[in-house]
Amino acid sequence: MSIVIEHLNYVYMSGGPYETHALRDVSLTIEDGEFIGLIGHTGSGKSTLVQHLNGLLKPTSGKILVDGLDLADKATDKRAIRRRVGLVFQYPENQLFEETVEKDIAFGPKNLGLDEQEIARRVREAMRKVALDYDRLRERSVFELSGGQMRRVAIAGVLAMEPATLILDEPCAGLDPRGREEILSLIRNLHEEAGTTIVMVSHSMDDVASLAERVIVMNHGEVFMDGAPREVFSRGEELRGIGLDVPQAVQLAGKLRARGFAIPEGIYREEEIKAAVETLLGKGAANA
């Protein structure tokens, strides 16, 4: 399932004294099975863009096509689109409201009019995907869970709709290191094992570097860069010029090169810098 964005513009409070152009002539194609990291400074248009992808916002001008269906067309069933494109907001646990974990995850499938057997299957499968024990937790109150578990319940509620594309807006915001690692791990598994298309909005260059296969950089409502992580993160000065930075691995590689160490160009992941350092240490020991 592809998502095609054509010359998308979006203006908040159009015609008023506080008119703001949030998106300017954005054209992108999100292919089936991609993992995209969407980055940009606060106010760059990231969240506005992803809210267009399942029809929550209507373009001021331009088109968004999901599997060829135009979201602006009145004949397009928006509910069907939202089943195909799932959106997880920042702090999604704030939207949990049912009595139990099971009921909260089942809320969306019930609204689809599915039978009880299918709803139960979807709830169990969604909990498995986010590493929550169905038998142990299904009757627990969501408000008795840890912050990381609540976040996973909220994600499971979206997964129970079985979307082909999952959009996550700052999925690790506010979590402790353990909760952050749990969420990143489940996102990786969703992509690798289930083949889910992922669009992840994040302020963390390291999270994007560790997961994304393609990076889109937004700046003042426009697409500033779009390419492979290795290519995008090699343009550190340009990223810093718009208020962003590069992953820690890129920073460390640059510092080591400045001190005369033969660190290969293009390193951007933690495991790559570790391997490069281990190679240097190995050569040093061999020459000692």
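Above this text is the structure in question.
Here's what I pulled together on the structure shown here. Note that the structure is predicted; figures quoted are calculated from it, not measured.

Now for the layout of surface pockets. By volume, the largest pocket is sized at about 770 Å³. Lining of the largest pocket is provided by 25 residues; of these, Leu87, Gly108, Gly157, Val158 and Met161 occupy positions nearest its centre. Every element with two or more residues in the lining of the largest pocket is listed here: helix H2 (78-84), strand S6 (85-88), helix H3 (101-111) and helix H6 (147-159). Element by element, the count of residues in the lining of the largest pocket is highest for H3, at five residues. Along the lines of polarity and charge, the residues of the lining of the largest pocket split into 15 nonpolar, six polar and four charged. Reported here for the second largest pocket is a volume of approximately 260 Å³. Contributing to the lining of the second largest pocket are 15 residues, with Arg180, Asp206, Asp207, Ser210 and Glu270 lying nearest its centre. Breaking the lining of the second largest pocket down by element, the ones donating at least two residues are helix H7 (177-194), helix H8 (205-211), helix H11 (248-258) and helix H12 (270-287). By residue class, the composition of the lining of the second largest pocket is five nonpolar, two polar and eight charged.

Below, the discussion takes up the environment of Phe224. Positionally, Phe224 belongs in strand S10 (residues 222-227). For Phe224, a relative accessible area of 32% puts it in the partly exposed group. Put simply, Phe224 and Leu168 are 56 residues apart on the chain and 20 Å apart in space, counted from C-alpha to C-alpha. Leaving out residues up to four positions away in the same chain, Phe224 has contacts with Val217, Met218, Asn219, Glu238 and Ile242.

Here S6 shows a buried face lined by Val85 and Leu87 and a second buried face lined by Gly86 and Val88. Examined bridge by bridge, S6 and strand S7 (residues 165-169) share four bridges and lie parallel to one another. Each bridged residue has a counterpart across the sheet, and for Val88 the counterpart in S7 is Leu168.

Another aspect to go through is the side chain of Asn54. Positionally, Asn54 belongs in the loop between helix H1 (46-52) and strand S4 (61-66). Ignoring any residue separated from it by four or fewer positions in sequence, one finds Asn54 in contact with Leu71, Ile81, Arg82, Val85 and Leu87.

Turning our eyes to something else, we now look at the sheet that holds S4. Strand order in this open sheet of four strands is S2-S1-S4-S5, and the pairing throughout is antiparallel. Of all strands in the sheet, those with a lone pairing partner are strand S2 (20-30) and strand S5 (69-70), marking the two edges.

In this section: the nonpolar core. Core analysis: the biggest nonpolar cluster contains 52 residues, and Ile105, Val217 and Phe233 have the highest contact counts within it. Those residues within four positions of Val217 in sequence are excluded, and the remaining contacts are Ile39, Glu222, Val223, Phe224, Met225, Val232, Leu239, Ile242 and Leu244. With 26 residues, the next largest nonpolar core counts Ala22, Val50, Leu57 and Val66 among its residues.

Another point: the pattern of salt bridges. Summed over all chains, the structure comprises 24 salt bridges. Between Arg214 and Glu34 there is a salt bridge; the shortest N-O distance is 2.9 Å. Here Arg214, found in strand S9 (residues 214-219), pairs with Glu34, found in the loop between S2 and strand S3 (35-40); they are 180 residues apart in sequence, far enough to count as distant. Each member of the pair Arg214 and Glu34 is classed as buried. One salt bridge connects Lys274 with Glu270, and the closest N-O pair in it is separated by 3.0 Å. Of this pair, Lys274 and Glu270 both sit in helix H12, four residues apart, which is roughly one turn of the helix. One network of salt bridges, in which partners are shared, links Glu118, Arg121, Arg122 and Glu162.

Attention shifts here to empty space enclosed by the protein. Scanning all chains against the criterion turns up two cavities of 30 Å³ or more. In this model, the largest cavity occupies a volume close to 60 Å³. If you trace the largest cavity, you find it lined by Ile5, Leu28, Ile30, Ile36, Leu38, Leu49, Val50, Leu53, Val199 and Ile216. Residue assignment for the lining of the largest cavity shows that the elements contributing at least two residues are S2, S3 and H1. Volume-wise, the second largest cavity comes out at about 40 Å³. Contributing to the lining of the second largest cavity are Arg122, Glu125, Ala126, Lys129, Leu159, Ala160 and Glu162. At four residues, helix H4 (residues 116-129) tops the list of elements feeding residues into the lining of the second largest cavity. When the residues that make up the lining of the second largest cavity are grouped by side-chain class, the tally is three nonpolar, no polar and four charged.

The rules behind the values
Residues numbered from 1 in each chain as written. Predicted model: local features only at pLDDT ≥ 70, side-chain atom pairs only at ≥ 80, totals over all residues. Heavy atoms only, no water. 1 Å grid on protein atoms, 1.4 Å probe; cavity = no way out; pocket = protein on both sides within 12 Å on 5 of 7 lines; lining within 4 Å. Points joined across faces, edges and corners; volume = space filled by probe spheres on them. Helix = DSSP H or I, 4+ residues; strand = E, 2+ residues; numbered from the N terminus. Nonpolar A, V, L, I, M, F, W, Y, C, P; charged D, E, K, R; others polar. Buried < 20%, exposed > 50% of the residue type's maximum accessible area, 1.4 Å probe, protein only. Contact = heavy atoms within 4.5 Å. Pairing = 2+ DSSP bridges. Core = buried A, V, L, I, M, F, W, Y, C linked by side-chain atoms within 4.5 Å. Salt bridge = Lys/Arg side-chain N within 4 Å of Asp/Glu carboxyl O.

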